[in-house]
Amino acid sequence: MSVLTEQQDYRSGVRAWLRDHAPEPADGLDANAVLRRAKDFQAALYQAGYAGITWPKDVGGQGLGTAEAQIFSDEAAEHELPSGPFIIGMGMCGPTLVDLGTPEQKSRYLPKLLSGEEIWCQLFSEPGAGSDVASLQAKAVRTDDGWVFNGQKVWTTNAQWADYGAVLARTDPDRTKHAGITMFIVDMHAPGVTVRPLRDMTGRAPFNEVYFDDVHLAADSVIGEVNQGWAAAVTMLGHERVSIGASRRPRSNPLEFASLVELARAAGVAGEPGARARLAHLYAHERALELFNVRMRQETAAGNPPGARGSVAKLAGAMLQRRAIEVAGDLAGADAAAWEPDNTRGPELALGINSAPAASIAGGTNEIQRGIIGERILGLPKEPQVDRDVPFRELKVGTQRT
Ligand SMILES: Cc1cc2nc3c(=O)[nH]c(=O)nc-3n(C[C@H](O)[C@H](O)[C@H](O)COP(=O)(O)OP(=O)(O)OC[C@H]3O[C@@H](n4cnc5c(N)ncnc54)[C@H](O)[C@@H]3O)c2cc1C
């Protein structure tokens, strides 16, 4: 059978499976129902052989190529899949464990993530360390049987549901700021872990602040090497940018091209040159990003991982969202801010418009992505870093400033 026929068969299988198993969209569910729905769907994906499509078979993945992953993601965009609680585990923590985990860590954690039994979160950002995450101050101190961990993390997506987290901790303040960090697996149900919700401007609480008070970390919970956490963080951030940049929203999302065309029709402006030009611009941006992501996946499959090009995808995705907000706002006018009770599109549009700006911040801000692209792709001079060679203990960074 030719590769093309194999891929067509794979697509037909995915399409039929999603048609039969993707749950109908459901609004107004409480947190427990959202979690149950996500876990059930992830379990069904796993049983059907659609979880971890590119992950190796020995950790429970499918061992398939990026073409199959692309096919799945194209077909999934036709549905509103309830996969939110698994986004961080499947997109970031899992792939990092595939790259850097010990055989014991892989066999303990990855199958349960893939099969929907356990949820993960990523604990990097702190009140004094966001863009400059290497300024982090949460610290882990060695004990006889592992480590004791204290500190605060913030903006932690899905921590309210998480069973485990990948956390960065300062383990040697006498080393320079990038050199004394370690990445650990933390049990989010362990004594001393407190998770508090943080609301964003949509009124929802997708992320949290997390406090760690004398939390025990086992000796075998280190991901990678002790004091080599920066390299592990770079690995995870690479997966994060690709995962955010390559993720496709459902076609029914109010900021997707097809929805905006409908909006233009409803507003009676679909035939006007101004509206058409803006929609065409948006379409070109969306399509260019899709093709860029396809190329990145193909190059990865050919042994050329994206590196800093993940930042291009992440930045282009965030800019696309901003552009889509502007077009949506202009087309809907006051209907995007206030609506009659029988208008179901109004609240969806308002939610889309209010949630989209987060894309310019989450996973590294647009400015940070531009810095990476400038230095690592365009070869521009590096930003001066006067603190790079100074022991962390002596730095005035983050909340250590005072
Ligand atoms: C929806 C959402 C989900 C998130 N989920 C998680 C999560 O699960 N886990 C996690 O650890 N974190 C998470 N974050 C946090 C996110 O990674 C940080 O918000 C982000 O890295 C920016 O850090 P900061 O908020 O501290 O802003 P700051 O770093 O304080 O930045 C403030 C401003 O200064 C600019 N700036 C900073 N440094 C530079 C520079 N060198 N050059 C140019 N401009 C600069 C920034 O671009 C920004 O505009 C999430 C954030 C959002 C919005």
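Residues numbered from 1 in each chain as written. Predicted model: local features only at pLDDT ≥ 70, side-chain atom pairs only at ≥ 80, totals over all residues. Heavy atoms only, no water.

1. A closer look at the pairing of strand β1 (residues 120-123)
Taking every second residue as pointing to the same face, both faces of β1 are buried, with W120 and Q122 on one and C121 and L123 on the other. Examined bridge by bridge, β1 and strand β4 (residues 164-170) share four bridges and lie parallel to one another. Its bridge partner lying in β4, C121 is registered against G165. (Buried < 20%, exposed > 50% of the residue type's maximum accessible area, 1.4 Å probe, protein only. Helix = DSSP H or I, 4+ residues; strand = E, 2+ residues; numbered from the N terminus. Pairing = 2+ DSSP bridges.)

2. Some points on helix α10 (residues 345-355)
Those residues of α10 that sit buried are G346, L349, A350, G352 and I353. Down the axis of α10, the buried side of the element spans an arc of 160 degrees, and every buried residue falls inside it. (Arc of directions from axis to C-beta.)

3. What about the packing of helix α7 (residues 257-266) against helix α9 (residues 309-332)?
Direction vectors running N to C along α7 and α9 enclose 20 degrees, while the axes themselves pass 9 Å from each other. Taken together, α7 and α9 sit at an angle that is classed as roughly parallel. The hand of the α7/α9 crossing is left-handed. Taking contact as the criterion, the partners of L260, L263 and A264 in α7 are, on α9, A324, V327, A328, L331 and A332. Residues that form the contact of α7 with α9 fall into these classes: eight nonpolar, no polar and no charged. (Axes fitted to C-alpha atoms, helices over the stretch in contact; angles between N-to-C directions. Parallel < 35°, antiparallel > 145°, perpendicular 65-115°, else oblique. Left-handed = near helix turned anticlockwise from the far one by under 90°. Contact = heavy atoms within 4.5 Å. Nonpolar A, V, L, I, M, F, W, Y, C, P; charged D, E, K, R; others polar.)

4. As for α7
Taken as a whole, α7 has its buried residues at S259, L260, V261, L263 and A264. Among the structural elements, α8 (273-301), α9 and α10 are those in contact with the buried residues of α7. Looking one or two residues beyond α7, the residue adopting positive phi is G268, at roughly 75 degrees.

5. Focus: the pattern of salt bridges
Scanning all chains against the criterion turns up 18 salt bridges. Measuring nitrogen to oxygen at the nearest pair gives 3.2 Å for the salt bridge that ties D40 to R36. Of this pair, D40 and R36 both sit in helix α2 (residues 31-48), four residues apart, which is roughly one turn of that helix. Its relative accessible area of 43% is what places D40 among the partly exposed residues. Of the charged contacts in the structure, one is a salt bridge between K177 and D132, with a shortest N-O distance of 2.9 Å. (Salt bridge = Lys/Arg side-chain N within 4 Å of Asp/Glu carboxyl O.)

6. Some thoughts on the site of the ligand
Among the 17 residues in the neighbourhood of the ligand, the closest are listed as S131, W155, T157, T365 and E367. The side chain of E383 places a nitrogen or oxygen atom 3.5 Å from a nitrogen atom of the ligand. In the complex, the protein chains occlude 65% of the 980 Å² of accessible area that the ligand would expose alone. Lining the shell around the ligand are residues from two domains, each supplying at least three of them: domain 2 (121-228) and domain 3 (248-364). (Near = heavy atom within 4 Å. Polar contact = N/O pair within 3.5 Å; in protein donor to acceptor, adjacent residues only side chain to side chain. Areas by Shrake-Rupley, 256 points an atom, 1.4 Å probe, with all protein chains shown as cover. Domains from an automatic or database assignment.)

7. Re the nonpolar core
By size, the foremost hydrophobic cluster in this structure holds 67 residues, and its most contacted members are F149 and M188. The element contributing the most residues to this core is helix α4 (residues 87-100), with six residues. Among residues more than four places away in sequence, those in contact with F149 are A138, K139, A140, V167, A169, F212, D213, D214, V215 and L217. Counting residues in hydrophobic clusters, the runner-up holds 25 residues, among them L282, L320, A324 and I353. (Core = buried A, V, L, I, M, F, W, Y, C linked by side-chain atoms within 4.5 Å.)

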